[in-house]
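Remarks on the overall topology
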Amino acid sequence: MLVNAPTADRPTKRIKATIATVDAGIDASATYAVVSSAETSRVSSPSTETDDGAAIVDDAPLNATVATGVATIHNQKQKILIQTCLGLLTSALPQTLVSFQSKSKDLSTFKELWTAHGFRTSMVTSPKPAVSVYLESCINPSGIDVSKSSDVIEGRNYLLYLLGMHPNQKDESDVEETYQSGIKSVYCLLQFCKKLRSVRESDMQDPRIVEILKDWETGLSTCMNAVISPSFLDGNKAHADIHVTNLRTFASNVPEILSNLISTLMTIDHSLHKEQLIHEYDRIEYRNCTLANACLQRVMSCVNDVDPSSLGNAAATASNSKKNRGEWIFQQVYFKASPPGKYLPKYERITIHLNDPSSEGEEGVLASGQFIFLPSLTQVLRGAEMMSTSTSREITTSSSTSKKLINAGVRSVVGKMVQTTWDSLLRHGYYVDEERKKHLGPLLEEFYESGLLGGRDASMPILLNAHFNPTYALSLYLHGTAGAGKSSLVRNIFPAINASIAAYADPELLVRFVKQNLNKPFQTLRLELDLRPNNNDYSVMSIIQGRRMTLTQSKPGLVLVALEEMPSDVTGADPNQSEVAKLLSMRFSGRKGEFKDGAAPRNSEKRGISGDATIITVFTSNYDLEPHCLEALQSLDMFKNLSVIKVAPVAGEDREAFALSYLKQ
């Protein structure tokens with residue numbers, strides 16, 4: 001249904017009108033919605049009378065027409081989104097963007113790039129030079145005549161996709177979802193093959209490699225050319241459906257093609273390693289994790305002249321005939337929301353800091369192509385629209401009575417990250433009932449929120465780089481009877497947290513797992529946890545810190561430490577809960593010797609891991625945590641948010657709900 005359709009019309013009348021519109025061809029910029037009533041998401045039942053009052057004897061044919069109309073609209077919309085997505089990734093870039101390739105890459109020219117495409121901008125001089133693009137101008141063009149500047153509008157639309165602010169990116173079911181559902185995998189494999197041909201041309205010409213890629217690349221090229229052609233929407237609908245089906249088939253073949261390609265390359269050249277090739281493919285996948293990031297990589301490659309072969313003959317010729325004029329490389333991008341308490345959209349802006357090779361800031365200098373936007377970029381920026389009705393909210397955290405203002409976009413992303421965690425746990429076969437969600441949900445919200453805000457107050461600018469820098473130490477103590485699902489939760493929650501962070505915060509960040517059993521003789525446990533000279537690999541401390549940044553990772557990640565089988569606090573038992581808690585408190589804070597109250601020595605923080613919120617700790621036990629043991633642990637920053645949760649087996653209605661939800665996956 002067209003959103004602009006008169007609301008007075010009955011659903012059936014609107015559906016019939018829409019079917020006619022679809023058959024005549026729908027404009028790519030149109031917006032659609034499924035017909036629904038306030039009470040249900042199903043198609044509304046038609047009236048039993050026509051406009052002239054005559055009764056309808058049989059509703060079945062009419063209902064069938066309604067259902068067909070809705071399906072036709074949905075199918076047509078999907079085709080439009082697929083064509084749009086492929087056009088952004090494979091068609092030549094707008095000429096108004098390519099023209100900046102020959103210009104100097106200073107800050108004033110970067111500002112000109114945005115101003116020329118109808119964005120209101122300003123220069124920032126302090127504390128670091130930057131260019132601000134105002135969010136209001138992303139909706140209403142500034143300084144251009146949309147009726148006379150078709151080339152500029154084309155370039156402007158591309159920049160809007162780059163910022164995640166195009167109308168087609170407003171809803172989750174729009175172009176970003178289309179990109180994620182299959183086009184991303186195809187596009188990343190094409191980029192991987194392109195990269196290999198640029199660095200290992202002879203290997204890629206080997207007949208065995210040609211045999212693997214020939215049919216797939218040829219068929220995919222034919223399919224994509226057909227999809228981006230104008231006749232795709234206006235021509236034969238059956239042929240268009242075939243091309244969509246073929247595109248999905250090519251996407252489903254990507255894992256097999258990639259596996260065969262890597263194994264054959266290793267056979268051709270024994271100096272190549274599987275991990276090396278997979279790392280390069282992962283790097284390409286990270287850089288193109290969303291459509292906004294893929295558009296950013298294309299634009300920056302064009303204007304910086306990184307890859308002239310991708311620009312078309314005219315652009316490549318211009319590129320080869322000019323000297324290097326520097327590069328625009330994004331370093332940090334911030335979103336400054338409206339002032340708290342009053343919604344003033346004219347002040348909302350995106351501030352872009354470019355690399356300055358002469359600077360020596362703590363952020364360092366990024367290489368070309370290293371910058372990635374938040375995967376949840378659109379949700380964070382679209383949160384500004386929600387601020388018009390509710391500018392902020394105040395919450396009281398579990399660890400502090402201080403109140404914070406939470407940006408509506410960040411709040412929305414946090415909620416989706418928690419839901420993704422539940423969904424991922426279910427996919428791994430672990431069902432989280434409502435009781436566990438009630439206890440774990442607020443803790444995960446606090447953790448995810450701190451990672452997105454990075455310790456900043458929500459009234460401060462929000463970093464839009466892909467990042468996750470938690471300041472809230474997530475710590476759990478799960479206890480209950482044997483078989484309640486404590487250890488299963490620990491095993492499955494770390495990939496679930498990793499999936500949530502990758503989907504919304506940082507696709508490169510990894511969550512590693514370390515397991516330490518506490519139910520062993522106390523002297524043995526003490527020997528394992530002792531601090532040793534050089535912190536060698538026999539130390540549990542060294543293992544935990546080493547897992548945060550392994551040799552295969554491109555950046556430091558998170559570590560989930562499972563401290564399993566905490567013993568009881570029975571006097572004389574070996575081990576004893578009280579002694580184990582005190583030992584952990586001492587060693588994790590970097591102190592040797594016996595447990596002592598009071599301030600730690602001044603150098604102990606450098607030897608310990610207490611203040612590191614990137615370490616998630618989860619205890620499991622058949623016994624409750626005694627108050628004095630909790631007090632000993634909470635003397636450390638990493639355990640100050642330790643939450644004691646009793647885990648009960650899934651039973652009754654929850655067990656039935658688990659079975660049903662598992663079967664529906």
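What this report covers is the structure whose coordinates are included nearby. (Residues numbered from 1 in each chain as written. Predicted model: local features only at pLDDT ≥ 70, side-chain atom pairs only at ≥ 80, totals over all residues. Heavy atoms only, no water.)

Considerations on the pairing of strand β1 (residues 121-124)
Our working rule: By this definition, two strands are paired if DSSP reports at least two bridges between them. Secondary structure counts use DSSP, requiring at least four H or I residues in a row for a helix and at least two E residues in a row for a strand, with both numbered from the N terminus.
As defined by bridge partners, β1 adjoins strand β2 (residues 130-134) across four bridges and the pair is classed as antiparallel. What sits directly across from Thr-121, in β2, is Val-133. What sits between β1 and β2 in their antiparallel hairpin is a turn of five residues.

Some thoughts on unusual backbone geometry
That bond from Ser-126 to Pro-127 is cis: its omega, 0°, falls within 30 degrees of zero. Tracing the sequence through the fold places Pro-127 in the loop between β1 and β2. Each neighbour pair has its own omega, and for Asp-574 with Pro-575 the value is 5°, a cis peptide bond. By the secondary structure assignment, Pro-575 is in the loop between β10 (558-564) and α22 (577-588). The backbone of Glu-565 shows a phi angle near 60°, a positive value even though the residue is not glycine.

Considering empty space enclosed by the protein
As a reminder of what qualifies: Using a 1 Å grid laid over the protein atoms alone, points where a 1.4 Å probe fits but cannot get out form a cavity; open sets with protein on both sides within 12 Å along at least 5 of 7 lines form a pocket; any residue with an atom within 4 Å of a point counts as lining. Grid points are joined across faces, edges and corners, and a volume is the space filled by probe spheres set on the points. We call Asp, Glu, Lys and Arg charged. Ala, Val, Leu, Ile, Met, Phe, Trp, Tyr, Cys and Pro are nonpolar, and the rest, Gly among them, are polar.
Evaluation of the coordinates by the stated rule reveals two cavities of 30 Å³ or more. Taken together, Leu-86, Leu-89, Thr-90, Ile-183, Val-186, Tyr-187, Leu-190, Met-224 and Leu-247 make up the lining of the largest cavity. Elements represented by at least two residues in the lining of the largest cavity include exactly α2 (60-90) and α7 (175-199). Looking at the lining of the largest cavity, the element that brings in the most residues is α7, giving four residues. Grouping the constituent residues of the lining of the largest cavity by class yields eight nonpolar, one polar and no charged. Of all elements in the fold, only α18 (434-453) and β7 (462-463) reach the threshold of two or more residues within the lining of the second largest cavity.

So, the nonpolar core
Operational definition: For this analysis, a nonpolar core means a set of buried residues of the types Ala, Val, Leu, Ile, Met, Phe, Trp, Tyr and Cys, connected via side-chain atoms within 4.5 Å. Exposed residues in this analysis have more than 50% of their type's maximum accessible area, buried residues have under 20%, and partly exposed residues fall in between, with area computed by a 1.4 Å probe over protein chains only.
With 127 residues, the main nonpolar core has Trp-114, Phe-330, Phe-373, Tyr-448, Leu-464 and Ile-501 as its most contacted residues. For this core, the leading source of residues is α7, giving ten residues. Core analysis: the next-biggest nonpolar cluster, separate from the first, contains 29 residues, Tyr-477, Val-580, Ala-581 and Leu-642 among them.

Things to note about the pattern of salt bridges
Think of it this way: side chains of opposite charge can pair up when their charged atoms draw near. Where we set the bar: For this analysis, a salt bridge means a side-chain nitrogen from Lys or Arg found within 4 Å of a carboxyl oxygen belonging to Asp or Glu.
Under the counting rule described, the total for this entry stands at 16 salt bridges. Where Lys-77 meets Asp-174, a salt bridge forms, and the shortest distance between an N and an O atom there is 3.2 Å. With Lys-77 in helix α2 and Asp-174 in the loop between α6 (150-163) and α7, this residue pair connects regions lying 97 residues apart in the sequence. Each member of the pair, Lys-77 together with Asp-174, is buried. Between Arg-287 and Glu-508 there is a salt bridge whose closest N-O contact spans 3.2 Å. Here Arg-287, found in helix α13 (residues 274-287), pairs with Glu-508, found in the loop between α19 (486-504) and β9 (511-517); they are 221 residues apart in sequence, far enough to count as distant.

Quick word on the side chain of Lys-520
For clarity, the cut-off: Pairing of N or O atoms within 3.5 Å defines a polar contact, subject to two protein rules: one partner must be a possible hydrogen donor and the other a possible acceptor, and residues neighboring in sequence count only if both atoms are side-chain atoms. The contact criterion used is simple: two residues touch if any of their non-hydrogen atoms lie within 4.5 Å.
Inspection of the secondary structure assignment puts Lys-520 in the loop between β9 and α20 (522-529). Polar contacts involving the side chain of Lys-520 include one to the side chain of Glu-528, which spans 3.1 Å. Filtering out sequence-adjacent residues up to four positions away, Lys-520 remains in contact with Leu-525, Glu-528 and Pro-575.

Section: the packing of aromatic side chains
Under the convention used in this document: Two aromatic rings, drawn from Phe, Tyr or Trp (for Trp, its six-membered ring), form a pair once their centres lie within 6.5 Å of each other, and the interplanar angle then sorts them: stacked below 30 degrees, edge-to-face above 60, tilted otherwise.
Applying the stated criterion across every chain, the model contains 16 aromatic pairs. Between Phe-330 and Phe-373 the ring centres are 6.2 Å apart and the planes differ by 85°, which places this aromatic pair in the edge-to-face class. Of this pair, Phe-330 sits in strand β3 (residues 330-336) while Phe-373 sits in the loop between β4 (349-354) and α16 (377-386); the two residues are 43 residues apart in sequence, bridging distant segments of the chain. Phe-373 shares its class with Phe-330; the two are buried. By the ring-pair criterion, three or more aromatic residues cluster together here, those being Phe-100, Phe-110, Trp-114, Phe-119, Trp-328, Phe-330, Phe-371 and Phe-373.

Observations concerning the sheet that holds β2
The strand order across the open sheet built from five strands is β1-β2-β4-β3-β7, with neighbouring strands paired in antiparallel fashion. Looking at which strands have only one partner, the edges of the open sheet turn out to be β1 and β7.

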